[in-house]
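# Summary of the model geometry
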Amino acid sequence: ILTLTLTLTLTLTRYEPLCDVQMRPLGSSLMLLSRRPEPRPPAQAQAHVAERPHLALGVVCEVRLVRGHRMLTVRSTVEVVNDTGMPLLLSAGGRGGRKGEGETLRVPPHATLPLPLHFTPRGSDAAVLELAIKPEASHRWGQLVQLSPDTAILKCDPDYGAADAA
């Protein structure tokens, strides 16, 4: 059995190594990354023994055969599907969660991309609801508004100043 241990570092938040990733059989599997506890002085360590703020982060491990070699891809559990005819911009937010001020991901029309792992440090549900989204031109940053547990719509206002700047 082929196994692998990976160490992933996501935006200054450290996770325990992902151990025993199976390289056989081919296909995808869900694995959980556990955060390492924050280092604390010995006096504070006892006070925080009962706390468990170390959320697990789900990742998809996909093993494929490429030109006779096994290839492992580790990606987020969240995929963004752009079924529109225009590019979409996604942002996890900047300082203080301000829309559109963080790193931006461009999703081309009719494309599907996994959300980068560092966009999901608080889990996939939180990442989806906190994501800032906008069409590449003509609209301001908006976000998904959840209508039911499995349905959400994108709400972003037109940017009337964008047409004047062009």
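Being a predicted model, the structure only gives us computed values, none of them experimental. Note that residues are indexed from 1 along each chain, following the sequence as it is written. Side-chain atom pairs in this predicted model are given and counted only at pLDDT of 80 or more, local residue features only at pLDDT of at least 70, and totals for whole chains, interfaces and linings cover all residues. Each side-chain value is worked out from all heavy atoms of the structure, with water and hydrogens disregarded.

With that out of the way, let us pick up unusual backbone geometry. Peptide bonds are trans in most cases, and residues, glycine excluded, mostly fall at negative phi. The omega angle of the peptide bond from Arg24 to Pro25 is -5 degrees, so this bond is cis rather than trans. Counting from the N terminus, the helices are DSSP H or I runs at least four residues long and the strands are E runs at least two residues long. Within the secondary structure, Pro25 is located in the loop between β4 (18–22) and β5 (27–34). Phi at Arg67 is positive, roughly 50 degrees, even though this residue is not glycine. With respect to the secondary-structure elements, Arg67 resides in the loop between β6 (56–66) and β7 (69–76). Look at His110: it is not a glycine, yet its phi comes out positive at around 55 degrees. Within the secondary structure, His110 sits in the loop between β10 (104–107) and β11 (111–114).

The next thing to look at is the pattern of salt bridges. By definition, a salt bridge exists where a carboxyl oxygen of Asp or Glu is found within 4 Å of a side-chain nitrogen of Lys or Arg. For the structure shown, the criterion picks out four salt bridges. Note that Glu79 is salt-bridged to Arg75, the shortest N-O span being 3.7 Å. The salt bridge involving Glu136 is made with Arg106; its shortest N-O contact spans 2.8 Å. Highlighted residues: Glu136 in the loop between β12 (132–135) and β13 (142–148) and Arg106 in strand β10, separated in sequence by 30 residues. Exposed residues in this analysis have more than 50% of their type's maximum accessible area, buried residues have under 20%, and partly exposed residues fall in between, with area computed by a 1.4 Å probe over protein chains only. Assessed through its relative accessible area of 38%, Glu136 is described here as partly exposed. With a relative accessible area of 41%, Arg106 lands in the partly exposed category.

Let us look at the sheet that holds β5. Two strands qualify as a pair provided that DSSP identifies no fewer than 2 bridges between them. Read from one edge to the other, the open sheet built from three strands follows the order β5-β6-β7, with strand pairing classed as antiparallel. Edge positions in the sheet fall to β5 and β7, since each of these pairs with one other strand and no more. Mean inter-strand twist for the sheet, computed between neighbouring axes without regard to direction, equals 30 degrees. Bridge count between β5 and β6: eight bridges; the pairing is antiparallel. By the bridge assignment for β6, Ser28 is matched with Glu62. Here, axes are lines fitted to C-alpha atoms. For helices the fit covers the stretch in contact, and angles between N-to-C directions go from 0 to 180 degrees.

Put plainly, a pocket is an open set of points on a 1 Å grid over the protein atoms alone with protein on both sides within 12 Å along at least five of seven lines, a cavity is a set where a 1.4 Å probe fits but cannot get out, and a lining residue has an atom within 4 Å of a point. Grid points are joined across faces, edges and corners, and a volume is the space filled by probe spheres set on the points. Put simply, the largest pocket is a space of about 280 Å³. For the largest pocket, the lining is made up of 16 residues, of which Val80, Val81, Leu88, Ile133 and Leu144 are closest to its centre. Counting only elements with at least two residues in the lining of the largest pocket, the list comes to β8 (79–82), β9 (88–91) and β12. A total of four residues in the lining of the largest pocket trace back to one element, the largest contributor, which is β8. Each residue receives one of three labels: charged for Asp, Glu, Lys and Arg, nonpolar for Ala, Val, Leu, Ile, Met, Phe, Trp, Tyr, Cys and Pro, and polar for the others, Gly being one of them. Along the lines of polarity and charge, the residues of the lining of the largest pocket split into twelve nonpolar, two polar and two charged. Of the pockets and cavities examined, the second largest pocket occupies roughly 240 Å³. Elements supplying a minimum of two residues to the lining of the second largest pocket: α2 (124–130), β13 and β14 (151–155).

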